[in-house]
Amino acid sequence: MEQVCEDTHTGFKFNFSKLDSVFAWLGLIVFLADIVLDFVTLVFFYQTGAYWRFSILLILILGSSVLVNTYSWLWYKYDKFEREMAVETCLSPRLFHVVHVFQLGFFVRQAGVLEVPVLKCWKKKMEKKKELEGYAVYRSHDFCFLKLIEAFSENSPQLLLMLTSVLHQHQAQLIQGIEVWKALASACGIALGVTMYHRSLRSFLPDKANQKVASSLVYFSWNLFLISSRLVALALFASVLPWFIFAHFLCSWLVLFFCAWRCQTSFMDSSAGEWLFRATVGLIWYFNWLNVAKGRTRNRTLLYHGYMLLDICLLCRWFWKMSTESNLEKSIAVSVVVVVYVLGLILKVIYYKCIHPTLSKEKATTEDGGVLSKGTTAEEPEDTEVTFRSLPGPPTPSVEDRSRMRKLAEIFYS
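Residues numbered from 1 in each chain as written. Predicted model: local features only at pLDDT ≥ 70, side-chain atom pairs only at ≥ 80, totals over all residues. Heavy atoms only, no water.

A few points about the overall build of the chain
Of the regular secondary structure elements, the chain holds 13 helices and four strands. Buried positions account for 52% of the 414 residues belonging to the chain. Contacts in the chain between residues at least 24 apart in sequence constitute 73% of all its contacts with a sequence separation of at least 6. (Helix = DSSP H or I, 4+ residues; strand = E, 2+ residues; numbered from the N terminus. Buried < 20%, exposed > 50% of the residue type's maximum accessible area, 1.4 Å probe, protein only. Contact = heavy atoms within 4.5 Å.)

What follows is the structure, encoded as structure tokens:
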């Protein structure tokens, strides 16, 4: 069930979905559980003498936290530290610096996203309720992209570390329960980040063009196949050549970072921020594809998946060559990894051919950058034009709609 609200400053009507509130609460639960498991896993690695795993996990946790909070602070800076949510108004711009230095900016954003659902649950009256909900929607899109960054900067490398650890311990028949739980938590974090990102992109379609929940399921399915195949291939390689995985990541990231630079992205509002974004895109591309620039999207996608499939095959070949497992076990492992990736590509083609709406280049924008004219549903042919609606920015008359996720939505649906 969705509640339709209107921003009195912009006259914009939008949907405040209860399902989005459920995702926000689910994200908080997974996030807190992941923090607890991070601490328990660190203690376990330290007590068992696995110091290199302890060091890698600690670097991943701290590195991802710094990256996410850097984005959070930059976006507050771009918005001139405008604040509407109660959790934000209690902090001055100087305190925002302190909060982000101590790696708490992500918590502030999450609390802001949850503020409206909490007030609704407690049935409290809110002044400027509609404007506050509009601002919450605006902040929720930033939060969804931060979750996606966290999914590929922390959860994916952690899952790779846990899979590699399990493969090592499988040979000694000493698989530890905490590592399995940590792997499951990381997998849930990836799934939640990808799903919330897709729902955020969908919200930019007009009401009549909203896709069904099934579209998110198909989108999640092919991402699950592609990401899991990629991670397992990396884990197999790391299980036989553990230190070479770092060289593989560095070389791959440099190539992908160069490709992101060549795409001439324009996501951030500053030059330094844009270089950070391109570096982050290179990190995300190491695990999965993300559309970040207009023009020749299909060609870039084909080149990327061709590169990934070749890289997966090479990683599996090295596992085949160096592993001490029997030929039957190696054959099964290698075959499953490659087949799963191919199945993911097939599901992706089905999604784009049968479900994914397309955006007409001629009607991609209007003179005021606002609502576009026509729309389509998931049941219509894939060449039918689909248009965007404009989500609200901060409810200030002088502030334009500059939602960052809108830029990615225009690319995703083009």
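From this point, the discussion proceeds with the structure in view.
Points about a nonpolar patch on the surface
On the surface, Leu32, Ile35, Leu95, Val98, Val101, Phe102, Leu104 and Phe107 cluster together to form a nonpolar patch covering roughly 710 Å² of accessible area. Structurally, the position occupied by phenylalanine 107 is in helix H5 (residues 105-121). The exposure class of phenylalanine 107 is partly exposed, given its relative accessible area of 34%. (Patch = residues over 30% accessible without salt bridge, like charges linked within 9 Å, V, L, I, M, F, W, Y side chains within 5 Å. Areas by Shrake-Rupley, 256 points an atom, 1.4 Å probe, with all protein chains shown as cover. Salt bridge = Lys/Arg side-chain N within 4 Å of Asp/Glu carboxyl O.)

Observations regarding the nonpolar core
In this structure, Phe145, Tyr197 and Trp285 are the most contacted members of the largest nonpolar core, which totals 88 residues. Contact partners of tyrosine 197, with chain neighbours within four places excluded, come to Phe145, Leu148, Tyr219, Leu290, Met405 and Leu408. Grouped together as the second largest cluster of nonpolar side chains are six residues, Tyr76, Leu91, Phe96 and Val108 included. (Core = buried A, V, L, I, M, F, W, Y, C linked by side-chain atoms within 4.5 Å.)

Focus: the packing of helix H2 (residues 51-78) against helix H10 (residues 271-285)
In a packed pair of helices, the relevant descriptors are the angle between the two axes and the axis-to-axis distance. It is at 12 Å that the axes of H2 and H10 come closest, and there the two elements cross at 145 degrees. Our pair here, H2 against H10, has a crossing hand that is left-handed. Here Leu67, Thr70, Tyr71, Leu74 and Tyr78 of H2 come into contact with H10, specifically with Gly273, Leu276, Phe277, Thr280 and Leu283. Tallied by class, the residues present in the contact of H2 with H10 amount to seven nonpolar, three polar and no charged. (Axes fitted to C-alpha atoms, helices over the stretch in contact; angles between N-to-C directions. Left-handed = near helix turned anticlockwise from the far one by under 90°. Nonpolar A, V, L, I, M, F, W, Y, C, P; charged D, E, K, R; others polar.)

Thoughts on the packing of aromatic side chains
All chains considered together, the criterion is met by 33 aromatic pairs. Directly above the ring of tyrosine 286 sits arginine 230, whose terminal nitrogen or CZ lies 4.8 Å from the centroid. The ring centre of tryptophan 275 lies 5.1 Å from the NZ or CZ of arginine 278, which sits over that ring. (Phe/Tyr/Trp six-rings, centres within 6.5 Å; stacked < 30°, edge-to-face > 60°. Lys NZ or Arg CZ within 6 Å of the ring centre and 35° of its normal.)

Thoughts on the environment of aspartate 142
Checked against the element boundaries, aspartate 142 lands in helix H6 (residues 129-172). Note: C-alpha distance between aspartate 142 and valine 113 (29 residues apart in sequence) is 9.9 Å. Contact partners of aspartate 142, with chain neighbours within four places excluded, come to Trp75, Arg109 and Arg404.

Describing unusual backbone geometry
Phi is positive for phenylalanine 81, which is not a glycine, with a value near 55 degrees. For phenylalanine 81, a relative accessible area of 15% gives the class buried. The backbone of glutamine 103 shows a phi angle near 65 degrees, a positive value even though the residue is not glycine. Position of glutamine 103 relative to the elements: it lies in the loop between helix H4 (93-101) and H5. On the basis of relative accessible area, glutamine 103 is assigned to the partly exposed category, the value being 23%.

Focus on the side chain of threonine 41
Among the structural elements, threonine 41 can be located in helix H1 (residues 18-47). Threonine 41 has contacts with Leu57, Met162, Ile178 and Lys182, leaving out every residue within four places of it along the chain.

Regarding H10
Its 15 residues give H10 an end-to-end C-alpha distance of 21 Å, which sits within 8% of 21 Å, the value for a rise of 1.5 Å per residue. Within H10, eleven of the 15 residues are buried, which leaves the element mostly enclosed by the surrounding structure. Those residues of H10 that sit buried are Gly273, Glu274, Phe277, Arg278, Ala279, Thr280, Val281, Gly282, Leu283, Ile284 and Trp285. Where H10 begins, the side chain of serine 270 points an oxygen toward the backbone nitrogen of glycine 273, at a separation of 3.1 Å. (Expected span 1.5 Å × (residues − 1). Polar contact = N/O pair within 3.5 Å; in protein donor to acceptor, adjacent residues only side chain to side chain.)

Description of the pattern of salt bridges
Summed over the entire model, instances satisfying the criterion amount to eight salt bridges. A salt bridge links glutamate 150 to lysine 147, with the shortest nitrogen-to-oxygen separation between them at 3.1 Å. Here glutamate 150 and its partner lysine 147 are both found in helix H6, three residues apart, which amounts to about one turn of the helix. Per residue, the accessibility class of glutamate 150 equals that of lysine 147, and both read buried. The salt bridge involving lysine 407 is made with aspartate 269; its shortest N-O contact spans 3.9 Å.

Regarding the confidence of the model for the chain
On average, residues of the chain carry a pLDDT of 77, and 74% of them reach 70 or more. Low confidence marks residues 1-16, where pLDDT is under 50. Its contacts with residues over four positions away, or in another chain, come to 51 contacts. The low-confidence segment residues 361-401, where pLDDT is below 50, has 108 contacts with residues more than four positions distant or belonging to other chains. (pLDDT = per-residue confidence, 0-100.)

Let's talk about the environment of phenylalanine 319
Secondary-structure assignment places phenylalanine 319 in helix H11 (residues 297-322). You can call phenylalanine 319 buried: its relative accessible area is 6%. Along the backbone, phenylalanine 319 and valine 334 are 15 residues apart, and their C-alpha atoms lie at a distance of 8.4 Å. For phenylalanine 319, the contacting residues outside a window of four places in its chain are Leu236, Ser239, Val240, Lys330, Ala333 and Val334.

Details of helix H9 (residues 244-262)
Two residues of an α-helix separated by three or four positions point the same way, owing to the 3.6 residues in each turn. With 19 residues, H9 should reach 27 Å at 1.5 Å per residue; the first-to-last C-alpha distance of 27 Å fits that figure. On the buried face of H9, the contacting elements are helix H8 (213-240), H10 and H11. In the stretch just after H9, glutamine 264 is the one whose phi turns positive, near 55 degrees.

With respect to the packing of H9 against H11
Running from amino to carboxyl end, H9 crosses H11 at an angle of 170 degrees, the nearest separation of the two axes being 13 Å. On the basis of their axis angle, the class for H9 and H11 is roughly antiparallel. Residues His248, Ser252 and Leu256 of H9 form the contact with H11, whose own contacting residues are Tyr304, Tyr307, Asp311 and Leu315. Across the contact of H9 with H11, the residue classes tally to four nonpolar, two polar and one charged. (Parallel < 35°, antiparallel > 145°, perpendicular 65-115°, else oblique.)

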